[in-house]
Amino acid sequence: MAIERTFSIVKPDAVAKNLIGAIYSRFENAGLKIVASKMVHLSRAQAEGFYAEHKERPFFGALVDFMTSGPIMVQVLEGENAVLANREIMGATNPAEAARGTIRSDFANSIDENAVHGSDAVASAEREIAYFFTEEELCPRTR
Ligand code: RTP
Ligand code: MG
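An unreviewed UniProt entry lists the protein chain under the name Nucleoside diphosphate kinase, with Ferrimonas sediminicola given as the organism. If you open the UniProt record of the protein chain and go to Sequence similarities (unreviewed entry), you find "Belongs to the NDK family."

Structural data, given as structure tokens:
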């Protein structure tokens, strides 16, 4: 099994509902280590850049409105197969389709306000980590 890093966001809906700690517990209970973390309030330019792959999609404007609506937590998670492991504990994009016990099933409001983001591949994780963190801000723990 490969030790990977993935990038994660606790989105504005979940921060507003005081769910940062509950969601961080899900990561840690799944064996994922938080190796960098901070709170940010995205500008429109930052949100548009982060989600540039979706800029032609009909939901892009609503996505940027939502992601700039309040502060978010951004974090780097490290562990065995971290990218897929995080996607599994997040659940499907639409909480109505997410498996029971996943973060989105338990905490998301809707497909638009769906509590968390997680990188979908190792390559996108590397790009997304670099979008928010310098190398010096990543603090791998001694195991
Ligand atoms: P994320 O990037 O936020 O982790 O979510 P995801 O991979 O599960 O979904 P993605 O396809 O990357 O879409 C990014 C975000 O756009 C919103 N979305 N709305 N109305 C729609 O059909 C629709 N599709 C996607 C969601 O909020 C999704 O998280
Ligand atoms: Mg995505």
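That shown, we press on.
Moving on, we get to the overall build of the protein chain. When helices and strands are tallied, the protein chain shows seven helices and four strands. Ordering the α and β elements of the protein chain from the N terminus gives β-α-α-β-α-α-β-α-α-β-α. Over its C-alpha atoms the protein chain spans a radius of gyration of 14 Å, differing by no more than 12% from the 15 Å that the globule rule assigns to 143 residues. For the protein chain, the spread of C-alpha atoms along the three principal axes comes to 45 × 35 × 25 Å. Per-residue burial for the protein chain yields a buried fraction of 45% across its 143 residues. Taking as baseline every contact in the protein chain between residues at least 6 positions apart, the subset at least 24 positions apart corresponds to 78%. By element, 51% of the accessible surface of the protein chain is carried by carbon and sulfur atoms, the whole surface being about 7,300 Å². Here the protein chain carries 15 positive and 20 negative side-chain charges, and the mean point of each set is 3 Å from the other.

Okay, the environment of alanine 125 next. Among the structural elements, alanine 125 can be located in helix 7 (residues 122-132). Along the primary structure alanine 125 and glutamate 4 are separated by 121 residues, whereas in three dimensions their C-alpha atoms are 9.3 Å apart. If we ignore the near neighbours within four places in the chain, the residues touching alanine 125 are Arg5, Thr6, Phe7, Val83 and Ser119.

Moving on, we come to helix 4 (residues 60-67). Along helix 4, the residues that are buried comprise Phe60, Leu63, Val64, Phe66 and Met67. Projected down its long axis, helix 4 carries its buried residues within an arc of 160 degrees, all on one side. The inward-facing, buried residues of helix 4 contact strand 1 (3-10), helix 1 (12-16), helix 3 (44-50) and strand 3 (72-80).

The buried fraction of strand 3 amounts to eight of the nine residues, a majority that puts the element mostly inside the structure. Where strand 1 lies against strand 3, eight bridges are found, and the strand directions are antiparallel. Counterpart to isoleucine 3 in the pairing with strand 3 is glutamate 80. As judged from the seven bridges shared by strand 2 (residues 33-40) and strand 3, these two strands associate in the antiparallel manner. Paired with lysine 38 across the two strands is valine 74, which belongs to strand 3.

Parameters at a glance
- Residues numbered from 1 in each chain as written.
- Chains lettered and ligands numbered in written order.
- Predicted model: local features only at pLDDT ≥ 70, side-chain atom pairs only at ≥ 80, totals over all residues.
- Heavy atoms only, no water.
- UniProt positions renumbered as here; feature names shortened; annotations may be inferred.
- Helix = DSSP H or I, 4+ residues; strand = E, 2+ residues; numbered from the N terminus.
- Rg over C-alpha atoms; globule rule 2.2 N^0.38 Å.
- Buried < 20%, exposed > 50% of the residue type's maximum accessible area, 1.4 Å probe, protein only.
- Contact = heavy atoms within 4.5 Å.
- Areas by Shrake-Rupley, 256 points an atom, 1.4 Å probe, with all protein chains shown as cover.
- Lys, Arg positive; Asp, Glu negative; His and termini not counted.
- Charge placed at Lys NZ, Arg CZ, Asp CG, Glu CD.
- Arc of directions from axis to C-beta.
- Pairing = 2+ DSSP bridges.

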